[in-house]
Amino acid sequence: MAQLKSLFVTRIYRHELGGGGSRGLVADLEHAALAIASDDRAGQAWSKANGYGGYTSYASLTDLVERDPVIADLATALSPHVQAFAREADLDLGGRKLVLDSIWINVLEPGGYHTAHIHPHSVVSGTVYVSVPDGASAIRFEDPRLPMMMAAPPRRQRAREENRTFVSIEPKPGTLLLWESWLRHEVPMNKARSERISISFNYRWS
């Protein structure tokens with residue numbers, strides 16, 4: 001009898017920060033993100049100069065955890081999820097730890113997008129979604145084997161999710177997503193009428 005195995009699985013961790021105090025945390029994060037974005041002139045200038053459709057603190061602020069207690073609360077909440085994901089992925093950390101390396105705010109305006117990219121020098125990356133208005137873009141992940149599919153036919157339109165070349169995940173406010181940092185991903189154009197707000201981060205092996 002024929003057998004079919006699934007090898008080299010790519011895992012995405014999802015958790016909804018929706019219960020109890022987490023709901024208040026998401027609301028507080030939206031307030032903090034917009035306040036920081038309004039004050040961060042350097043980040044506004046970088047976003048404009050680099051064609052980012054909105055605002056990101058990625059290139060301007062490296063002290064968000066120290067700067068804002070709400071971001072510090074988020075960092076505390078992230079840690080057990082990152083550790084759980086590492087265990088699920090069977091990462092052998094050799095007695096070392098995954099530590100928060102960077103965290104930044106994204107305010108994507110209508111029409112804004114983020115082209116496909118990876119997060120070098122990190123192990124686990126992720127995003128917490130703070131505001132996801134109707135029509136806001138999902139995050140789209142790319143099969144990491146795509147560059148080697150030189151002569152492969154396209155996948156069927158209704159292919160099973162695990163067989164697709166691209167998979168989109170639609171978040172909602174409070175959604176936490178984690179993935180290994182080598183996984184290429186993008187944010188298509190925001191077709192909503194208002195801003196899509198998220199907070200992204202990287203963990204390194206230390």
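Residues numbered from 1 in each chain as written. Predicted model: local features only at pLDDT ≥ 70, side-chain atom pairs only at ≥ 80, totals over all residues. Heavy atoms only, no water.

1. Some words on the overall build of the protein chain
Moving on, step 1. Secondary structure assignment for the protein chain yields four helices and 10 strands.
Moving on, step 2. In the protein chain, the succession of helices and strands from N to C terminus is β-α-α-β-α-α-β-β-β-β-β-β-β-β.
Moving on, step 3. By the compact-globule yardstick of 17 Å for 206 residues, the protein chain fits well, its C-alpha radius of gyration being 18 Å.
Moving on, step 4. Structurally, the protein chain occupies a C-alpha span of about 65 × 45 × 35 Å along its principal axes.
Moving on, step 5. A sequence separation of at least 24 residues applies to 86% of the contacts in the protein chain between residues at least 6 apart.
Moving on, step 6. Summed over its atoms, the accessible surface of the protein chain is roughly 12,400 Å², and 51% of this surface lies on carbon and sulfur atoms. (Helix = DSSP H or I, 4+ residues; strand = E, 2+ residues; numbered from the N terminus. Rg over C-alpha atoms; globule rule 2.2 N^0.38 Å. Contact = heavy atoms within 4.5 Å. Areas by Shrake-Rupley, 256 points an atom, 1.4 Å probe, with all protein chains shown as cover.)

2. A word on the environment of H119
Moving on, step 1. Relative to the helices and strands, H119 resides in the loop between β4 (114-117) and β5 (124-131).
Moving on, step 2. Note on H119: relative accessible area 9%, which makes it buried.
Moving on, step 3. Separated by 117 residues in the primary sequence, H119 and A2 have C-alpha atoms spaced 39 Å apart.
Moving on, step 4. In this structure H119 touches W104, S125, S181, H185 and N202, once residues within four positions along its chain are discounted.
Moving on, step 5. One polar contact links H119 to H185, side chain to side chain, over a distance of 3.2 Å.
Moving on, step 6. A distance of 2.7 Å separates a polar atom in the side chain of H119 from a polar atom in the side chain of N202. (Buried < 20%, exposed > 50% of the residue type's maximum accessible area, 1.4 Å probe, protein only. Polar contact = N/O pair within 3.5 Å; in protein donor to acceptor, adjacent residues only side chain to side chain.)

3. Examining the side chain of S198
Moving on, step 1. Counting through the fold element by element, S198 comes out in strand β10 (residues 196-205).
Moving on, step 2. Once you skip the residues sitting within four places of it in the chain, S198 turns out to touch W104, I105, N106, T127, V128, Y129 and V130.

4. Points about the sheet that holds β10
Moving on, step 1. Here six strands make up an open sheet; going across it, the order is β1-β8-β5-β10-β3-β2 and the pairing antiparallel. Across the chains shown, the open sheet's two edge strands, defined by having one partner strand only, are β1 (13-16) and β2 (54-56). On average, adjacent strands in this sheet sit at an angle of 15 degrees to one another, irrespective of strand direction. (Pairing = 2+ DSSP bridges. Axes fitted to C-alpha atoms, helices over the stretch in contact; angles between N-to-C directions.)

5. Focus on the sheet that holds strand β6 (residues 139-142)
Moving on, step 1. Taken together, four strands build an open sheet; the order of strands is β4-β9-β6-β7 and the sheet is antiparallel. If you trace the sheet from one side to the other, it starts and ends with β4 and β7 (166-169), each paired once. Each strand axis lies, on average, 20 degrees off the axis of its neighbour in the sheet, ignoring direction.
Moving on, step 2. The pairing of β6 with strand β9 (residues 185-187) spans two bridges and is antiparallel.

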